[in-house]
Structure formats: C-alpha cells, structure tokens
Amino acid sequence: MPEAPVPAGEGHWTDVKQDAIVLGLLLECADDFVPGSVLCDKLDVPRAELLKRIDSLRARGYVIHTRGGQGYRLVEVPDKLGEAQIAPLLGTGELGRRIHHFDEVESTNDEAHRLAEAGALHGEVVVADFQTQGRGRKGRAWMAPRGKALTFSVVLRPAIPATRAPEITLAAAVAVAESARELGAHSARIKWPNDVECKGRKLAGLLTELRAEPDRVRHAVLGVGFNVGLQMQDFPEELRPVATSLLLETGERVARPVVCASLLEHLEEWLSLHETEGFAPVADRWRELSSTLGRRVRISGSGETVEGDAFDLAADGALLVREADGSLVRVVAGDVEHCAVL
Ligand code: BTN
C-alpha cells in the first residue's frame, strides 16, 4: 500500500525544506561536527529554531550526536524508503520529484507503467521494500529479500525514437556504476550491456521497458535492482558464486535512502547529458567503466552463440566482437560470458 500522504501546508513545507538543508550540511561534512552557528547562518534562523529542526530529524529516525562547542554530527540515517526519507537527501531537479513508496508490490516497473499511462511526469519514482513478481532481463525473475535491497523504477519521457532506447540503458549503467563507486564499491564496472558488477559478481541490474509508437516513445520505465545490505547467505545458493552487495564490497551498512538518492542524482546527471549532448560522451564513459571490452567473450541467448574478442562499443550501443577467423560481429542482445582477459 502507498504511504499515507504527508500533511502539507506552507509552514510544513518550510520545515521540511529546512530539515533538508540541515541534513544536506550534516551529510556533506560526513564524519565531522558542524558548528551550530554555521547551521543557523545557512538557515537564517535563531538557535531555538535550529534545535526544533534537529529534534524533528531525530523524531524521524536520524541519529545526530551533539558535542558542546563543536556542534552536530549525523551518525545514522533511517533505513526506510518513503518519500520523507529520500527526498531530503536528493539534489535532483526532476528525478524523484515524486516518490511513490510501496511496502509490497508485484513489480515496481509495472506500477511505474501504470502511473505513466495515468500521466505521471518524467522523473517520478516507484520504490518498494519488496517485490512479489520482480523481473529481470529476458523475463527472468529478480528476487531480493525484504528490506535489504533497493528496487525502484523511474518514469522517463525521453525525446528520442524507440530505436535509440538502448542508449538510455547504457547511460543508466554508467550512472549506477559511478554511484556504486562513490558509495565505496571502487571496483564497480559494467558488463555489457548494463550489469554493474564488482570483480565478476553482480551488484546491480537494470531493466528498461518502453511503451512506444512507431515514431515516438510514449514513455520508458527504467528499473534498478541494487543489492545494498545483503549478506552472502541472503542470496539463493545458485547465485552465491556470482553475486555481491554494497555491504559485502565495502564492509559498511549504507542506509537505502542514501543509496537511492545517490543513484537518482547520477541517473539525472547522465540522462540529461545524453539528452543535451547525445550518446558520444555516454559511450566514452561506458568504455572506461566496461569490464567487457578487451576480453574474450561468449555471447548466447539470441540465436547463434558468438565467441571472440570484445573490442568496442558501436555508436548505437551494440557490442563489437572480432571472431577467431577475423570476422566482425555486431551483437545487439544476449548474455555475455567473460572468458580470458586479452
Ligand atoms: C537484470 O539484471 O536482469 C535486470 C534486473 C532489474 C530488476 C529491477 S528491480 C526494480 C525493477 N522492477 C522489476 O520488476 N525489475 C526491475
């Protein structure tokens, strides 16, 4: 069920904005104390008003330490996925402008499609604590234990023809890999086309689905499944050799709203760069972050199996492979298996 709407009123939104400013400053300074005088100056309020904002954040689950003379330090962010927890952490213009939170849903992609058909705007997000019918690429199931992963979908209204849709997924993969690195998974790379992995283990998967007419995309839904706080025993046995999580990569528990905000910010950055400057800068960064280029690969799942050296990304997002006999193959879909490093 969606969360109960937050009561709105002018005073309420001023408080929410001021809470967000305090949170933003505390987050920026991460491990340091922020002097109360700095917070009061930024908010342009007296000390008594600052104390109200600190109390309001504490009441919502933020753990804030105080040390006389040194100020305030944020030590814990609540691990809930409501709009109230995510929105104050967001520095985006459009992505996450509305966040629809569900405790449980069949698939956030389905819910996002429904909202988009009903007129949802570019950037509206559906996030769920648990999906009963989560799906991955090629109709596979995507399962994630309640409360330990991030499963969300973004409604996009890109001004491109359907033939260029793969570019969106590649831009999103760049964004997710950069976010993962920033959050501490420094080895995050992209396995073609859009799996984000750390040393061969999958950290996140992306699923872009279109509703399009011949000449235009009505809307796209970009679904992201990101393994945040899973321990190895939380994965099904068959996935343990090939899966990982942010917790396993960094040894640290990062609250899911922080991960969600970081992902949305990077997604906004790369999707808008794609919109303004086209695919070339996205492709350049994709190449830098790729774990597939420069490897011997085997690609199956869409007709014939292709085996050869993955040497580049084409201008339309296809993977270019040189087979043993020297012939060049453009691969537009399939499952990649990484073999030897060349
Ligand atoms: C893949 O790697 O196969 C893609 C996985 C995508 C999973 C996400 S979880 C949120 C969104 N809702 C879904 O049903 N799937 C995507």
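Data block above holds the structure.
Only a predicted model underlies this, so the values are computations on that prediction, with no experimental measurement involved.

A.B. asks: Help me understand the nonpolar core, please; the structure alone is not making it clear to me.
C.D. replies: Inside soluble globular proteins, nonpolar side chains tend to come together where they are buried. One finds Leu150, Phe152, Phe226, Val259, Leu264 and Leu267 to be the most contacted residues of the largest nonpolar core, which totals 81 residues. When residues of this core are assigned to their parent elements, the largest contribution, 10 residues, is made by helix 6 (residues 165-182). If we ignore the near neighbours within four places in the chain, the residues touching Leu264 are Leu90, Thr92, Leu95, Gly96, Val125, Phe152 and Val154. The next biggest cluster of nonpolar side chains, apart from the first, holds nine residues, and it includes Phe102, Val105, Ala116 and Val126.

A.B. asks: Even after reading the chapter, I still don't get the environment of Ala84, so can you show me in this structure?
C.D. replies: By the secondary structure assignment, Ala84 is in helix 4 (residues 83-86). In this structure, the C-alpha to C-alpha distance between Ala84 and Arg140, residues 56 residues apart in sequence, is 32 Å. The residues contacting Ala84, other than those within four sequence positions of it, are Arg60 and Tyr62.

A.B. asks: I keep staring at the sheet that holds strand 9 (residues 216-227) and nothing clicks. Help me out?
C.D. replies: Sheet strands line up and pair through hydrogen bonds in the backbone, either parallel or antiparallel. Here seven strands make up an open sheet; going across it, the order is 3-4-5-9-8-7-6 and the pairing mixed. In the strand order of this sheet, the two ends are held by strand 3 (99-105) and strand 6 (188-191), each with one partner. On average, each strand axis in the sheet is tilted by 20° relative to the strand beside it, whichever way the strands run. Sheet topology note: the strand 7 (residues 195-198)/strand 8 (residues 201-213) ladder contains three bridges and is antiparallel. Its bridge partner being in strand 8, Cys198 is matched across the sheet by Arg201. On the sheet, helix 5 (residues 108-117) packs against strand 3, strand 4 (125-131), strand 5 (149-156), strand 8 and strand 9 and is oriented at approximately 150° with respect to strand 9.

A.B. asks: How should the pairing of strand 10 (residues 295-300) be read in this particular structure?
C.D. replies: With five bridges connecting them, strand 10 and strand 11 (residues 306-313) associate as antiparallel partners. Counted as the bridge partner of Arg296 is Asp309 from strand 11. The hairpin turn running from strand 10 into strand 11, its antiparallel successor, is five residues long, and Gly301 in that turn takes a positive phi close to 100°.

A.B. asks: Before we go on, may I ask you to explain the side chain of Glu167 in this structure?
C.D. replies: Tracing the chain through its elements places Glu167 in helix 6. Apart from the residues within four sequence positions on either side, Glu167 is in contact with His274, Phe279 and Ala315.

A.B. asks: Even after reading the chapter, I still don't get the state of the cysteines, so can you show me in this structure?
C.D. replies: Covalent bonding between the sulfur atoms of two cysteines is what defines a disulfide. The final tally for this structure, using the stated rule, is zero disulfides. Cysteine Cys29 is unpaired, with the sulfur of Cys40 as its nearest cysteine sulfur at 15 Å. Its relative accessible area of 30% is what places Cys29 among the partly exposed residues. For the unlinked cysteine Cys198, the closest cysteine sulfur is that of Cys260, found at 19 Å.

A.B. asks: Got a minute to help me understand the site of the ligand in this structure?
C.D. replies: Every one of the 20 residues lining the ligand counts as a neighbour, but Ser107, Gln131, Arg135, Arg137 and Lys202 are closest to it. Between the ligand and Ser107 there is a distance of 2.8 Å, counted from an oxygen atom to a side-chain nitrogen or oxygen. In this structure, Gln131 approaches the ligand through a side-chain N or O atom, which is 2.9 Å from a nitrogen atom. Among the secondary structure elements, those contributing two or more residues to the shell around the ligand are helix 5, strand 5, strand 8 and strand 9. Broken down by element, the shell around the ligand gets its largest block of residues, four residues, from strand 8. Residues that form the shell around the ligand fall into these classes: five nonpolar, 11 polar and four charged.

A.B. asks: Whenever I open this one, the packing of aromatic side chains confuses me. Can you help?
C.D. replies: The way to describe two aromatic rings as a pair is by their centre distance and the angle between their planes. The final tally for this structure, using the stated rule, is zero aromatic pairs. Its guanidinium or amino end placed over the ring of Phe311, Arg322 lies 4.3 Å from that ring's centre, counting from NZ or CZ.

A.B. asks: So what exactly am I meant to see when it comes to the packing of helix 6 against helix 8 (residues 256-277) here?
C.D. replies: Geometry of a packed helix pair, given as the angle between the helix axes and the separation of the axes. Between helix 6 and helix 8, the shortest axis-to-axis distance is 8 Å and the interhelical angle comes to 140°. Considering their axes alone, helix 6 and helix 8 lie oblique with respect to each other. In this structure, the crossing between helix 6 and helix 8 has a hand that is right-handed. Across the interface between the two elements, Glu167, Ile168, Ala171, Ala172, Val174, Ala175, Val176, Glu178, Ser179 and Glu182 of helix 6 pack against Ser262, Leu263, His266, Leu267, Trp270, Leu271 and His274 of helix 8. Counted by class, the contact of helix 6 with helix 8 contains 10 nonpolar, four polar and three charged residues.

A.B. asks: In this structure, what is going on with the packing of helix 6 against helix 9 (residues 280-289)? I would like to understand it.
C.D. replies: Running from amino to carboxyl end, helix 6 crosses helix 9 at an angle of 50°, the nearest separation of the two axes being 9 Å. What the angle tells us is that helix 6 and helix 9 run oblique. Viewed along their axes, helix 6 and helix 9 form a crossing whose handedness is left-handed. Only Val282, Arg285, Trp286 and Leu289 of helix 9 make contact with helix 6, whose side of the interface consists of Leu170, Ala171, Val174, Ala177, Glu178 and Arg181. Here the residues of the contact of helix 6 with helix 9 are counted per class, giving seven nonpolar, no polar and three charged.

Analysis parameters
- Residues numbered from 1 in each chain as written.
- Predicted model: local features only at pLDDT ≥ 70, side-chain atom pairs only at ≥ 80, totals over all residues.
- Heavy atoms only, no water.
- Core = buried A, V, L, I, M, F, W, Y, C linked by side-chain atoms within 4.5 Å.
- Buried < 20%, exposed > 50% of the residue type's maximum accessible area, 1.4 Å probe, protein only.
- Helix = DSSP H or I, 4+ residues; strand = E, 2+ residues; numbered from the N terminus.
- Contact = heavy atoms within 4.5 Å.
- Pairing = 2+ DSSP bridges.
- Axes fitted to C-alpha atoms, helices over the stretch in contact; angles between N-to-C directions.
- Disulfide = S-S within 2.5 Å.
- Near = heavy atom within 4 Å.
- Polar contact = N/O pair within 3.5 Å; in protein donor to acceptor, adjacent residues only side chain to side chain.
- Nonpolar A, V, L, I, M, F, W, Y, C, P; charged D, E, K, R; others polar.
- Phe/Tyr/Trp six-rings, centres within 6.5 Å; stacked < 30°, edge-to-face > 60°.
- Lys NZ or Arg CZ within 6 Å of the ring centre and 35° of its normal.
- Parallel < 35°, antiparallel > 145°, perpendicular 65-115°, else oblique.
- Left-handed = near helix turned anticlockwise from the far one by under 90°.

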